[in-house]
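Residue-level structural notes
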Amino acid sequence: MLGGGFAGSWVARLLGKRGATIVNPDNFSLFTPLLPEAASGTVEPRHVVVPLRMMCPHADLLLGSVREVDLEAKTARATSLVGEVELEYERLIVALGAVSRTLPIPGLAEHALEFKTLADPILLRNHVLRRLEAADAASTEAEVQRQLTFVFVGAGYAGVEALAECRDLALDAVRYYPRLRDAPQRWVLVDAAPTILSEIPKRLGAYALRHLEKQGVDIRCETRLSSAERGAVVLSDSARIETETLVWTAGVKPNPAVNDLGLPLDDRGRIVVDETLLVDGRSDVWALGDCAAVRNRGTPDRVDPPTCQHALRQARALSRNLRRLATGREARPYGYRMLGQVATLGRHKGIADALGLKFSGFVGWWIARTYHLHQLPLFSRKLRLVADWTTALFFRRDIAELTTLTSSARPAGNRDVAPEEDTDRAPGQARD
Ligand SMILES: Cc1cc2nc3c(=O)[nH]c(=O)nc-3n(C[C@H](O)[C@H](O)[C@H](O)COP(=O)(O)OP(=O)(O)OC[C@H]3O[C@@H](n4cnc5c(N)ncnc54)[C@H](O)[C@@H]3O)c2cc1C
């Protein structure tokens, strides 16, 4: 199994005692729907990951990154903690996921924070809290305003939820900064699409838009980021926004590691599979999740979008098919119709489209949380999450920022930062 993320970990778990060997850079699977709550401090970052050895007790785990596959010799090479390792396989499953899609926008790579890995919400939370500290120490109104301006580009799930959670965190935190209590905060959400959350039903998207606008979020649809520089961003309508915070959540693309596997790819770089998730032209390689273009009987007009819900359903279908093939039966086509979608919009606000019924506000928020809790594997993980949520009901958010911790413990694979740089800032941004 190449990749132990949402799709890979579920296939391995569902294969049970049949066993699997998972190759993954971390010993956990990341539960991304809870990343925004980790950014606001409502949920402990450790509680949004599931240890693979606990989730898949019958699987072997090799901590490492796959470099290449020899499809004829049936071997995969990986870089592991003990150097290069060669693994033989009988059946290969590719679930390498996606990476952030960046564009060649001047200054983007140097100045933007991302929101994809476990480290990202921790860095973003520290960054937001540092902006409050910087604003508190600033000597001019203009500088206070610049520090308290936050720009998010990308109004899909990740961008909308991350903005809503970080905004709640900042509003909670200013209670402890008497100088900033009356200072206006500016939260800007930018997207090239005509509306936000274009992937969910219109009515719910419109509710989310109204809710965020009522909260004072400056939403700029049909607008692109043109450039970023130290202390400012420029948008396609020529607006220049003075800010120290640019968060980039404008989509994902298939993991480029799939380019080196010798498998057929579509025009977007996704592995081409048939309806049973078998890779085109192969009889021993399957692919699923964000790195594959998966055809779905339930929605014949398009391939599956990159979501956890689809990755999970594909994992179920594939594990069933692998069991069938092992007992000499034929694989069955995969088909799934989404029963709903949920998103949280900060404290006690959310949207849910469940079984054709649409909910917003507190009920939407409650359904979104219940759904995430239901999807999270392992009873012990669910319990830790409920404990975090319960604590958050009674206490205000913790405002300790742990920049020193993250600067000495930055995980491998995240964007390189020069050792002397503050890791709470987007690389290249000014030191306070
Ligand atoms: C911030 C954020 C919020 C999201 N919120 C939602 C949501 O609310 N609802 C929803 O349905 N979807 C959501 N998604 C989308 C969802 O996370 C993905 O669709 C899902 O994780 C896809 O599963 P996957 O297994 O294909 O990829 P992943 O879960 O990304 O797993 C890929 C795995 O491959 C590993 N890997 C990478 N390179 C290598 C290599 N060379 N060798 C070995 N292993 C490697 C990675 O470390 C990772 O563990 C969100 C995504 C993000 C980023």
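Given the structure is predicted, the values throughout are model-derived calculations rather than measurements.

Parameters and conventions
Residues numbered from 1 in each chain as written. Predicted model: local features only at pLDDT ≥ 70, side-chain atom pairs only at ≥ 80, totals over all residues. Heavy atoms only, no water. Helix = DSSP H or I, 4+ residues; strand = E, 2+ residues; numbered from the N terminus. Buried < 20%, exposed > 50% of the residue type's maximum accessible area, 1.4 Å probe, protein only. Contact = heavy atoms within 4.5 Å. Areas by Shrake-Rupley, 256 points an atom, 1.4 Å probe, with all protein chains shown as cover. Pairing = 2+ DSSP bridges. Axes fitted to C-alpha atoms, helices over the stretch in contact; angles between N-to-C directions. Near = heavy atom within 4 Å. Polar contact = N/O pair within 3.5 Å; in protein donor to acceptor, adjacent residues only side chain to side chain. Nonpolar A, V, L, I, M, F, W, Y, C, P; charged D, E, K, R; others polar. Domains from an automatic or database assignment. Phe/Tyr/Trp six-rings, centres within 6.5 Å; stacked < 30°, edge-to-face > 60°.

1. What to know about the overall build of the protein chain
A tally of helices and strands in the protein chain yields 12 helices and 23 strands. Across the 432 residues in the protein chain, those meeting the buried criterion constitute 54%. When contacts within the protein chain are restricted to residue pairs at least 6 apart in sequence, those whose partners lie at least 24 apart make up 64%. Accessible surface computed for the protein chain: about 19,800 Å², of which carbon and sulfur atoms make up 52%.

2. Quick notes on the sheet that holds strand β4 (residues 60-70)
Spatially, β1-β4-β5-β6 is the arrangement adopted by the 4 strands of the open sheet, whose pairing is mixed. Each edge of the open sheet is held by one strand with a lone partner, namely β1 (21-24) and β6 (83-88). Direction aside, neighbouring strands of the sheet carry axes that sit 55 degrees apart on average. Inspection of the sheet shows β4 paired to strand β5 (residues 75-80) by 6 bridges, in the antiparallel sense. Counted as the bridge partner of G64 is S80 from β5.

3. Here we look at the site of the ligand
Inspection of the region around the ligand gives 28 residues, with A7, N24, T32, V66 and D290 positioned closest. Contact between the ligand and A7: an oxygen atom at 2.8 Å from a main-chain N or O atom of the residue. Contact between the ligand and T32: an oxygen atom at 2.4 Å from a side-chain N or O atom of the residue. Here the ligand loses 88% of its free accessible area of 1,000 Å² to cover by the protein chains. Elements with a contribution of two residues or more to the shell around the ligand: α1 (6-15), β1, β4 and α9 (308-326). Looking at the shell around the ligand residue by residue, the class counts come to 14 nonpolar, 12 polar and 2 charged. Two domains each put at least three residues into the shell around the ligand: domain 1 (6-100 + 253-326) and domain 2 (108-250 + 342-408).

4. A look at the packing of aromatic side chains
What the rule picks out here adds up to 4 aromatic pairs. Arranged with centres 5.8 Å apart and planes meeting at 35 degrees, the rings of F6 and F31 form a pair that is tilted. Highlighted residues: F6 in helix α1 and F31 in the loop between β2 (28-30) and α2 (35-40), separated in sequence by 25 residues. A relative accessible area of 12% places F6 in the buried class. F31 gets classed as buried once you look at its relative accessible area, which sits at 2%.

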